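Spelled out from the first residue to the last, the chains are:
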Amino acid sequence: MSLRGLSSRILLIVGLVVAGAATPANAAPEDFVKSDNITLQAHLDLPAGARINSDIAFQGDYAYVGNFTGFAIYDIKHPQRPRLVSSVSCPGGQMDVTILGNLLVTSVDDSLSNDSCQAVPQSARIKESWEGLRIFDVSDKANPRYIKSVETNCGSHTHTMVPDKTGEAFYVYVSSYFPSVNFPDCQPPHDKISVVKVPIADPGAAAVVSTPAIFPDGTGYPGAASTSGCHDITVYAALDLAAGACMGDGVLLDISNREQPRVIEQVTDANFAFWHSATFNNDGTKVIFTDELGGGTSPRCTATEGPTRGADAIFDIESNQLVFKSYFKISRLQTLTENCVAHNGSLIPVKNRDVMVQAWYQGGLSVFDFTDSANPVEIAYFDRAPFNDSQLTLAGYWSTYYYNGYIFGSEIARGFDVFKVNDPRVNQAGSVKTDLLNAQTQERYRERGNGRPGGGH
């Protein structure tokens, strides 16, 4: 998402209302349209004091949900009865989250007075201002402990956890953008990412180990003199491959050297305004890129925008080349008071098929099959009524991810939802169990009974 919270670099969205925790009566959780094969199993409101839900990570029986004022931990052992375990106040948008072992990594893309949870907004023009990563110890789920911060160039809009090849550490690829000659710690050309190494046995030693240029020749982002960073990177570590959504470009990266990822393929698309995120299929032979036209804050699921703008682009990977096959966009037109565009999703582990669930902000969620790359087909959907009928209000699903038989949704303004799809095209996915899901760290799903290794996704 392109909204930058409280920082001095916040985008000014004229007429947009950012919703609080209260839900208007005309948009109660039961006010929706859906396909017959999906049911809303559970809903929990935003925790007290929380504002703007963001991304989700999963481990064991717990879901970790970021928000612009901190993060929440939910017990999902019984998905139909999720329970809030704790809510941590530590402001700093957008608080994207990843989890490994007892370590929760969070992104801060607001320029703050310092790295503490008591920090206040402070201009990025001031050298001493801080933004970057915060790391928490969540071994005690009821009382998470803040243990380390790492400052990064231009902050951390999103980040991706990348396993190393020894199992002794992990890397974090930090994506950020919006440089300015007036920002001492975010100077143009910002054509790079920050690579942070976190020793698992000593997370307090986490530090930036490299800042590789993704476009060293300045050829990214059409119309710009130089690139201004990537929005998101998804890695498939077993293949030493990553897909980067880098503002105006979609790229494939060779990550065999974890500290020096290298672009091996680059594409652009005249229909894409803002390359936002990427998802590989299970075999790593396809990648879906999303276009977050309007930054997630605009009504882009309208007849005026059409089916190819603010959509997914599906590419086959052939000899490390990206070959365009088709677009996918939800067909349900949304109103002018509903922010709607392609956003975060994950694979559903259906054997021999390519199936994905995806968030579309106030367009709801969609489950679709892209096994035939040129002809994606929707399987299921869930779409709430506008959060506000009279004015454009920031709401809807930031992320919808499949985890151990259920779909979990982080709804920006309303809270945390759990869904179940009952359809012969996806039901076999329920036999695949895992104990870890960071959606931008992909691993191959195993066949029935084998699960996935614990250090992965």
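These figures come from a predicted structure and were not determined experimentally.

Colleague: Honestly, the pairing of strand E21 (residues 286-291) in this entry has me stumped. Any pointers?
Modeller: Where a strand is regular, its side chains alternate between the two sheet faces. Counting buried residues along E21, six of its six residues qualify, which places the element largely inside the surrounding structure. Where burial is concerned, the two faces of E21 agree: the one with Lys-286, Ile-288 and Thr-290 and the one with Val-287, Phe-289 and Asp-291 are both buried. Bridge count between strand E20 (residues 275-280) and E21: five bridges; the pairing is antiparallel. Bridging from a neighbouring strand, Ser-277 pairs with Thr-290 of E21. In textbook terms, the turn of a hairpin is the stretch between consecutive antiparallel strands, and for E20 and E21 this stretch comprises five residues, one of which, Gly-284, has a positive phi near 70 degrees.

Colleague: For this particular structure, what's the right way to read the environment of His-343?
Modeller: Relative to the helices and strands, His-343 resides in the loop between strand E23 (321-328) and strand E24 (345-348). Using a relative accessible area of 1% as the deciding quantity, one classes His-343 as buried. Measuring from C-alpha to C-alpha, the distance between His-343 and Ser-399 comes to 6.9 Å, with 56 residues separating the pair along the chain. Polar side-chain contacts of His-343 include one of 2.9 Å to the side chain of Tyr-361. Within the structure, His-343 has its side chain in polar contact with the backbone oxygen of Trp-398 (distance 2.6 Å).

Colleague: Whenever I open this one, the state of the cysteines confuses me. Can you help?
Modeller: Joining two cysteines, a disulfide is a covalent bond between their sulfur atoms. Enumeration according to the criterion identifies four disulfides in this entry. Cys-230 shares a disulfide with Cys-246; S-S distance 2.1 Å. In this structure the cystine formed by Cys-230 and Cys-246 twists about its S-S bond by roughly 80 degrees; its chirality is therefore right-handed. Pair noted here: Cys-230 is in the loop between strand E15 (207-210) and strand E16 (232-236) and Cys-246 is in strand E17 (residues 241-246), with a separation of 16 residues, a long-range link. Of the two residues, Cys-230 and Cys-246, both sit in the buried class.

Colleague: How should the sheet that holds strand E14 (residues 194-199) be read in this particular structure?
Modeller: Read from one edge to the other, the open sheet built from four strands follows the order E12-E13-E14-E15, with strand pairing classed as antiparallel. Taken across any chain shown, the strands that pair with only one partner, and hence form the sheet edges, are strand E12 (158-163) and E15. Each neighbouring strand pair of the sheet contributes to a mean axis angle of 35 degrees, computed without reference to strand direction. Alignment of E14 against E15, held across three bridges, turns out to be antiparallel. Within E15, the position partnered with Val-196 by the bridge is Val-208.

Colleague: Would you mind showing me how to read the pattern of salt bridges here?
Modeller: Any two side chains of opposite charge can pair if their charged atoms end up close together. If you walk through the whole model with that rule in mind, you get 15 salt bridges. One salt bridge in this structure joins Glu-305 and Arg-309, with 2.9 Å as the shortest N-O distance. The class for Glu-305 is buried, based on a relative accessible area of 13%. Ionic contacts of the salt-bridge type, sharing partners, join the residues Lys-165, Asp-240 and Arg-258 into one network.

Colleague: Is there a simple way to explain the packing of aromatic side chains in this structure?
Modeller: Remark: the centre distance and the inter-plane angle together describe each pair of aromatic rings, the angle taken between the planes. Enumeration according to the criterion identifies 22 aromatic pairs in this entry. Ring plane angle 70 degrees and centroid distance 6.4 Å describe the contact between Phe-328 and Trp-360, whose orientation is recorded as edge-to-face. A residue pair is termed long-range when its members are at least 10 positions apart, and Phe-328 in strand E23 and Trp-360 in the loop between strand E25 (355-359) and strand E26 (365-369) qualify at 32 residues. We note that Phe-328, like Trp-360, is buried.

Colleague: Hey, could you run me through the nonpolar core in this one?
Modeller: It is characteristic of soluble globular proteins that their nonpolar side chains tend to be buried jointly. Leu-104, Phe-136, Phe-170, Val-196 and Val-198 are the most contacted members of the largest nonpolar core, which totals 31 residues. Within the residue set of this core, elements represented by two or more residues are strand E6 (70-75), strand E8 (94-100), strand E9 (103-112), strand E10 (130-137), strand E13 (169-175) and E14. Per-element tally for this core: the top contributor is E9, with five residues. Among residues more than four places away in sequence, those in contact with Leu-104 are Tyr-64, Phe-71, Val-97, Thr-98, Ile-99, Arg-134, Ile-135, Phe-136 and Val-138. Judged by nonpolar contacts, the second largest core, of 18 residues, contains Val-350, Val-357, Ala-359 and Ala-429.

Colleague: Can you walk me through the sheet that holds E10 in this structure?
Modeller: Two modes of strand pairing occur in sheets, parallel and antiparallel, and in both the strands are linked by backbone hydrogen bonds. One open sheet holds the four strands; their spatial order is E8-E9-E10-E11, and the pairing between them is antiparallel. Of all the strands in the sheet, the pair left with one neighbour each is E8 and strand E11 (145-151). With direction set aside, neighbouring strand axes in the sheet form an average angle of 25 degrees. Bridging between E8 and E9 involves five bridges; their strand directions are antiparallel. Paired with Val-97 across the strands is Thr-106, a residue of E9.

What counts, and where the lines are drawn
- Residues numbered from 1 in each chain as written.
- Predicted model: local features only at pLDDT ≥ 70, side-chain atom pairs only at ≥ 80, totals over all residues.
- Heavy atoms only, no water.
- Buried < 20%, exposed > 50% of the residue type's maximum accessible area, 1.4 Å probe, protein only.
- Helix = DSSP H or I, 4+ residues; strand = E, 2+ residues; numbered from the N terminus.
- Pairing = 2+ DSSP bridges.
- Polar contact = N/O pair within 3.5 Å; in protein donor to acceptor, adjacent residues only side chain to side chain.
- Disulfide = S-S within 2.5 Å.
- Axes fitted to C-alpha atoms, helices over the stretch in contact; angles between N-to-C directions.
- Salt bridge = Lys/Arg side-chain N within 4 Å of Asp/Glu carboxyl O.
- Phe/Tyr/Trp six-rings, centres within 6.5 Å; stacked < 30°, edge-to-face > 60°.
- Core = buried A, V, L, I, M, F, W, Y, C linked by side-chain atoms within 4.5 Å.
- Contact = heavy atoms within 4.5 Å.

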